[in-house]
Amino acid sequence: MSPQFPATISADQKNMIFENMSDGVITLDSDGTITYCNSASLEILRISSKKDILGQSFKELFMNNKKNRAFNKLFRESIDKGKVMPKTSIRYRFGKEKEVHYFNIDISLLKPSQTELFDPDADYNPDTGFNGMVILIEDDTDKYKLRQHEHDCAFIFAGLILCISVFLMTWSLLQFTLHIYLKSSVYTQIIECITFLLFLVIVFMTSFSMRDIGLIPRKNTIKKTIVESLSIAAVASCILLLSKAILMLLGYKIKDYYIGGSLSGVYTYVFTAFVQEFLARGVIQTSVKSLMKIRFQKFFSIFLTSLLFSLMHMPFGFYFMMSAFLLSMALGYVYERHQNLWGCVFLHWCCGYLAMCLYF
């Protein structure tokens, strides 16, 4: 920056340039006091007016939150030690808010001859060699979330393709090559292992939270989830029982007995219902919906999830696959209404186990 800068551009012109910038501009004097800020910096840092920031200590305003460790360390190195820091991407949390923002921060330390550009009365700090600084702040939150979204979807999509491919190849190898005919419960256990692997992928390799994948319900939806799930379960159970009775009266023999099952099956199917709903709703449906930014997004996410879910039941036969598809369509709609897994898990356990006892 040339010493003739103030002579060539007036203060009004300089202010107009800064005010029209999309990046925030803040200047500090040798004491760390804020001497200038443009409108963009107020918007980025959520400050209502310049009166609330000018003349205030930068440390007291923005460096009190201990959760912003990287942010605090960056400015501590510059203000307290006079170190020149490179342009840095920093995570920043406002107060007690859970929402996190991401800033690109570029710090330029002022030389003694440059302090007069922003504060003619600025003093030199002999202890740290700090004469003041110019801070450029760019809010990169939207771009960061987009990159993170692409990263998450890529990992989940790759995980789904890998797990489904391994499952079908294993079934084909056992059934047609080795001629090993396993019980249906073994294939169910394989699906459960696949779900656990996908859960590990989500926890350790993506930014999805437990609430995003439906494990933690919102407080305002708990009552609706309970009431609707119980109502739907009651109606669906009556329809299943009545349809079996009608088919038997018409002469269609499906089983030697009206209803089967066992008490141990009731217990174990609770775990099965949870695992399969986590795979279908928490993983597949959530991921497909995130990937498809199109019209009828929710419908296509439910439909494609149901197709994949039915495909996972291929070893059980075509009729079982179609039943799984229809059940998944209904539960996908319930999941979109409640935004948590627990109503879907209850309905899957209740209706799914009853249907198997009656028809399979």
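Scope of this entry: the structure provided in the associated data block.

Quick notes on the rules
- Residues numbered from 1 in each chain as written.
- Predicted model: local features only at pLDDT ≥ 70, side-chain atom pairs only at ≥ 80, totals over all residues.
- Heavy atoms only, no water.
- Core = buried A, V, L, I, M, F, W, Y, C linked by side-chain atoms within 4.5 Å.
- Buried < 20%, exposed > 50% of the residue type's maximum accessible area, 1.4 Å probe, protein only.
- Helix = DSSP H or I, 4+ residues; strand = E, 2+ residues; numbered from the N terminus.
- Contact = heavy atoms within 4.5 Å.
- Axes fitted to C-alpha atoms, helices over the stretch in contact; angles between N-to-C directions.
- Parallel < 35°, antiparallel > 145°, perpendicular 65-115°, else oblique.
- Left-handed = near helix turned anticlockwise from the far one by under 90°.
- Nonpolar A, V, L, I, M, F, W, Y, C, P; charged D, E, K, R; others polar.
- Polar contact = N/O pair within 3.5 Å; in protein donor to acceptor, adjacent residues only side chain to side chain.
- Pairing = 2+ DSSP bridges.

### Points about the nonpolar core
Then, number 1: Core analysis: the biggest nonpolar cluster contains 35 residues, and Leu198, Ile202, Phe278, Val283 and Met312 have the highest contact counts within it.
Then, number 2: Counting residues per element, the ones that place at least two in this core are α6 (141-177), α7 (184-205), α9 (263-291), α11 (318-338) and α12 (342-359).
Then, number 3: Those residues within four positions of Leu198 in sequence are excluded, and the remaining contacts are Gly159, Leu160, Cys163, Leu279 and Val283.
Then, number 4: Among the nonpolar cores identified, the runner-up in size contains 26 residues, and Cys37, Ile53, Phe58 and Ile79 belong to it.

### Here we look at the packing of α6 against α9
Then, number 1: Following both chains from N to C, one finds α6 and α9 inclined at 135 degrees, their axes separated by 10 Å at the closest point. On the basis of the axis angle, α6 is oblique to α9. Handedness of the α6/α9 crossing: left-handed. Within the contact between the two elements, α6 uses His149, Cys153, Ile156, Phe157 and Leu160 and α9 uses Val283, Ile284, Ser287, Ser290 and Leu291.
Then, number 2: Class assignment of the residues belonging to the contact of α6 with α9 gives a composition of 7 nonpolar, 3 polar and no charged.

### Let's talk about the side chain of Ser306
Then, number 1: Positionally, Ser306 belongs in helix α10 (residues 297-311).
Then, number 2: Ser306 gets classed as buried once you look at its relative accessible area, which sits at 0%.
Then, number 3: One polar contact links the side chain of Ser306 to the main-chain carbonyl oxygen of Ile302, over a distance of 2.8 Å.
Then, number 4: Apart from the residues lying within four places of it in its own chain, the contact partners of Ser306 are Phe325, Ser328 and Met329.

### Observations concerning the sheet that holds strand β4 (residues 100-109)
Then, number 1: The sheet built from 5 strands is open, its strands ordered β2-β1-β5-β4-β3 with antiparallel pairing. With partners counted over all chains shown, the strands left at the sheet margins are β2 (34-37) and β3 (88-93), one partner each. Strand-to-strand twist of the sheet, defined as the mean angle between neighbouring strand axes without regard to direction, takes the value 30 degrees.
Then, number 2: Pairing analysis gives 3 bridges linking strand β1 (residues 24-28) to β2, with the strands arranged antiparallel. Paired with Thr27 across the two strands is Tyr36, which belongs to β2.
Then, number 3: Each of β1, β3, β4 and β5 (133-139) touches helix α5 (residues 69-79); the most contacted strand, β4, lies at about 10 degrees to it.
Then, number 4: Along the sheet face, α6 touches β4 and β5 and points at about 125 degrees away from the line of β4.

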